[in-house]
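A closer look at the structure
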Amino acid sequence: TVVIARSFFSLMKYTAALLTFMVVLAAADRSGQAAAKKVRLRDLTAITLHANKKTSARRSSPIPQLECIGGDACADFKPRVVQCSNAGFDGYDVQWTCTADLPSNIEFGDIEVSCEGYDFPEDPFILVNSCGLEYSLYYKHAPTQKVSYDDQRYFPTSKPKCKYW
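Overview of the structure. For every chain, the first residue of its written sequence is number 1, and the numbers climb from 1 along that sequence. Thresholds applied to this predicted model are a pLDDT of at least 70 for local features of residues and 80 or more for the giving and counting of side-chain atom pairs; totals over whole chains, interfaces and linings are not thresholded and use all residues. Excluding hydrogens and water, the side-chain figures rest on all heavy atoms present in the structure.

Another point: the side chain of E116. For helices the rule is a DSSP run of H or I covering at least 4 residues; for strands it is a run of E covering at least 2, with both sets numbered from the N terminus onward. One can find E116 in the loop between β6 (106-114) and β7 (125-127). In what follows, residue pairs with any heavy atoms lying within 4.5 Å of each other are defined as contacts. The residues contacting E116, other than those within four sequence positions of it, are S56, A57, R58, R59, S60, F125, I126, L127 and S130.

Right, dumping it as structure tokens:
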């Protein structure tokens, strides 16, 4: 009976250890799922994006939240924070308007907000914090080249040669 009692208590000890291990694994699995939340893109009212931060990613690699991809002011200035607001839905995609603390002589040109679809690329649900902004920056008062009326490229002096039948 002593051997049976020792075997029983030994079995109970291993069972308790196994159950504890399973509870820890389940908790770790649940915390991983909590980090991968999804939201319907059309339901977002605004997103705030930061320089030197990357997006969340689940199916792909993280990308910079902010990336200037063109414009004559892109090399000279980069905003630290940009807030984009949902301006409506055009039947295909969300239309965004973006604002930032920009110098008075610089403005946004093209803006393109992209977010990671939760289960597939065109999924209406996106991974939370997966949006990034590609933008261009331009000087508002870029020097304009004056056109001379003597410039042959714009005001040719020769008359067109026409043949009348």
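From this point on, the discussion continues.
Right, let's talk about the nonpolar core for a bit. Soluble globular proteins: nonpolar side chains tend toward being buried together. Put simply, buried Ala, Val, Leu, Ile, Met, Phe, Trp, Tyr and Cys residues joined by side-chain atoms within 4.5 Å make one nonpolar core. Relative accessibility decides the category of a residue: with a 1.4 Å probe and only protein chains considered, values under 20% of the type maximum give buried, values over 50% give exposed, and everything between is partly exposed. Residues I47, C84, W96, V113, L133 and L137 are the most contacted members of the largest nonpolar core, which totals 22 residues. Breaking this core down by element, the ones donating at least two residues are β2 (46-50), β3 (66-70), β4 (81-89), β5 (94-100), β6 and β8 (132-139). Not counting residues within four places of it along the chain, the set of residues in contact with I47 comprises V82, Q83, C84, W96, V113 and C131.

The next point concerns the packing of aromatic side chains. Each aromatic pair joins two rings of Phe, Tyr and Trp (for Trp, the six-membered one) with centres within 6.5 Å, and gets the label stacked for planes under 30 degrees apart, edge-to-face for over 60, and tilted for any other angle. Applying the stated criterion across every chain yields a total of one aromatic pair. Ring centres 5.6 Å apart and planes at 90° place the aromatic pair F108 and Y135 in the edge-to-face group. Residue F108 is found in strand β6, and its partner Y135 is found in strand β8; the two are separated by 27 residues along the sequence. Y135 matches F108 in its accessibility class, with the two residues each being buried. In our convention, an over-ring charge means Lys NZ or Arg CZ found within 6 Å of a ring centre and within 35 degrees of that ring's normal. The ring of F89 has R42 lying over it, and the distance from NZ or CZ to the ring centre is 4.0 Å.

Taken together, three strands build an open sheet; the order of strands is β3-β8-β6 and the sheet is mixed. Strands at the two margins of the open sheet, each flanked by one partner only, are β3 and β6. Between one strand and the next, the sheet's axes are offset by a mean angle of 30°, whatever the strand orientation. When DSSP finds two or more bridges between a pair of strands, those strands are recorded as paired. For helices, the axis comes from a line fit to the C-alpha atoms of the stretch in contact; other axes are also lines fit to C-alpha atoms, and the angle between any two N-to-C directions lies between 0 and 180 degrees.

Side-chain pairing between opposite charges can occur once the charged atoms of the two side chains come close. Put simply, a salt bridge is a Lys or Arg side-chain nitrogen that is within 4 Å of an Asp or Glu carboxyl oxygen. Enumeration according to the criterion identifies two salt bridges in this entry. For the salt bridge of D43 with R40, the shortest nitrogen-to-oxygen distance reads 3.2 Å. On the accessibility criterion, D43 (47% relative accessible area) is partly exposed. By relative accessible area, which is 33% here, R40 ends up partly exposed. In this structure, D119 engages R58 in a salt bridge whose closest nitrogen and oxygen atoms are separated by 3.8 Å. You can see D119 sitting in the loop between β6 and β7 and its partner R58 sitting in the loop between β2 and β3, a full 61 residues away along the chain.

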